[in-house]
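# Architecture and fold: a report
Spelled out from the first residue to the last, the chains are:
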Amino acid sequence: MRAFTYETHAARVVFGTGCAERALAEELGRLGARRALIVTTPRTAPLVAELAAPLSVAAVFDGVRPHVPVDTVDRAVALATRAGADALLSVGGGSTTGTAKAIALRTSLPIVAVPTTYAGSEVTSVWGTTEGARKTTGRSPLVVPRTVLYDPALTTTLPAAMTAASAMNAMAHCVEAFYAPGANPVTDLVAAEGVRVIAGALPAVMADPAGEAGRTGLLYGAYLAGSAFAAAGSGLHHQICHVLGGAFGLPHAETHTVLLPHVAAFNEPAVPALRARLAPALGATDVAGGLTRLAARIGAPVSLAQIGLTEDDLDTAVGLVLEKDLGGNPRPVGEAEVRGILTGAVHGHLPASTRRESV
Ligand code: NAD
């Protein structure tokens, strides 16, 4: 077995249908929190109203915006200070968790996270904020939620398209965990199980969005995916997604869905474990084909053209990706390789070696 370093973050995880309503007050109490600032969005506010009823709340900040703009964080920090908050309770998706993390970074307040999508941010030490077009990211133990309550009942309101895209985002964490800088035998194990669980649960949820078994599976898979990503980190796929999201405003989760099979197809020959461990987890003979088949089965977009990137954008996109440090990828990546991956993704065409697996 190869030598490895595996860094994990101490966190308490409570999982199960109804756990947020049942255990939130107790979990805040365990941290000695008496006046939490609730962080959320207007869309998730109805969920919050029910959860907050029995709690002693300092204030509610529902001004979360995508990509965590610095001025949003300024306003939230001012509110937390004014209201005398002693903890942060985030209820929402990755943007909400991200906002709570940015507040914690400045205030050192502990976070209790109740995720309502499959983003996985709640188990990582990664934070990010934006100022205009500039994105700043970092890692800090201060932003790792102390307690995470995974309650599948809170995810049933997530619209179908968002469910599919968010679950495929979690899938991307699992796939990249196999070759990201911190990949190790434990993250392989967690990521492979994440892929198996997500691939099994996602079609069930799309067929029956309120079904408890499917939603429970997806949220468990998302937890595994976030945990693998937290330790292994990310690679080429996430780097390309950041460029496409930042420069062309493409939607984060849908971009993951489309691009993932193309990056997986590119890296599969250099990472034998990808095919050996993940193809069976997808019920396929190759990872890229299995992912494409899954995306098509659930009606997710399969080309970048469908979500707004055209051939005319390719030169700019390739140039911007090449500005990134791509040195850690298991297969050397230069201009021709990036152009090949992006051209295939714009049209939704996988390399010939994997095409027979696609739909
Ligand atoms: P999001 O948090 O932006 O949520 C998208 C929309 O869904 C919002 O309008 C939200 O109100 C709504 N929503 C959330 N849960 C809902 C529910 N249960 N019912 C109805 N509506 C609901 O999207 P996301 O995909 O969860 O998060 C994406 C962001 O997370 C990106 O900015 C990404 O960079 C970040 N992220 C960070 C990390 C990390 O480790 N720091 C990891 C993964 C993702």
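Everything discussed here concerns the structure shown above.
Below is a short write-up of the structure. Here the structure is a predicted model, which is why all the values come from computation and not from measurement.

Parameters and conventions
Residues numbered from 1 in each chain as written. Predicted model: local features only at pLDDT ≥ 70, side-chain atom pairs only at ≥ 80, totals over all residues. Heavy atoms only, no water. Pairing = 2+ DSSP bridges. Helix = DSSP H or I, 4+ residues; strand = E, 2+ residues; numbered from the N terminus. Axes fitted to C-alpha atoms, helices over the stretch in contact; angles between N-to-C directions. Contact = heavy atoms within 4.5 Å. Near = heavy atom within 4 Å. Polar contact = N/O pair within 3.5 Å; in protein donor to acceptor, adjacent residues only side chain to side chain. Areas by Shrake-Rupley, 256 points an atom, 1.4 Å probe, with all protein chains shown as cover. Domains from an automatic or database assignment. Phe/Tyr/Trp six-rings, centres within 6.5 Å; stacked < 30°, edge-to-face > 60°. Buried < 20%, exposed > 50% of the residue type's maximum accessible area, 1.4 Å probe, protein only.

### Considerations on the sheet that holds strand β1 (residues 12-15)
Sheet architecture is open: six strands sit in the order β1-β8-β5-β4-β2-β3, paired in parallel fashion. The open sheet has two edge strands, β1 and β3 (57-61), and neither has a second partner. On average, each strand axis in the sheet is tilted by 15° relative to the strand beside it, whichever way the strands run. Summarising the sheet, strand β2 (residues 36-39) and β3 pair through four bridges and their orientation is parallel. Within the sheet, the bridge partner assigned to V39 lies in β3 and is F61. Running at roughly 165° to strand β4 (residues 87-92), helix α4 (residues 94-107) makes contact with β2, β3, β4 and β5 (111-115) of the sheet.

### What about the site of the ligand?
Around the ligand, a shell composed of 20 residues is seen, among which T41, S95, T116, T117 and T124 lie nearest. T41 has a polar side-chain atom sitting 2.7 Å from an oxygen atom of the ligand. Contact between the ligand and S95: an oxygen atom at 2.6 Å from a side-chain N or O atom of the residue. If the ligand stood free it would expose 870 Å²; the protein chains cover 83% of that surface. Elements with a contribution of two residues or more to the shell around the ligand: α4 and α5 (160-176). Per-element accounting of the shell around the ligand gives the leading share, three residues, to α4. Looking at which domains feed residues into the shell around the ligand, each of domain 1 (12-155) and domain 2 (160-358) supplies at least three.

### Examining the packing of aromatic side chains
Taken as a whole, this structure holds three aromatic pairs when the rule is applied. Considering the side-chain rings of F15 and Y150, the 5.9 Å spacing of their centres and the 40° angle between planes classify their relative orientation as tilted. In this pair, F15 is assigned in strand β1 and Y150 in strand β8 (residues 147-150), connecting sequence segments 135 residues apart. You can call F15 partly exposed: its relative accessible area is 32%. Relative to Y223, the ring of Y150 has its centre 5.1 Å away and its plane inclined at 45°; by these criteria the two rings are tilted. Here Y150 is found in strand β8, whereas its partner Y223 is found in helix α7 (residues 212-232), with 73 residues between them in sequence. Its relative accessible area of 0% is what places Y150 among the buried residues. For Y223, a relative accessible area of 22% corresponds to the partly exposed category.

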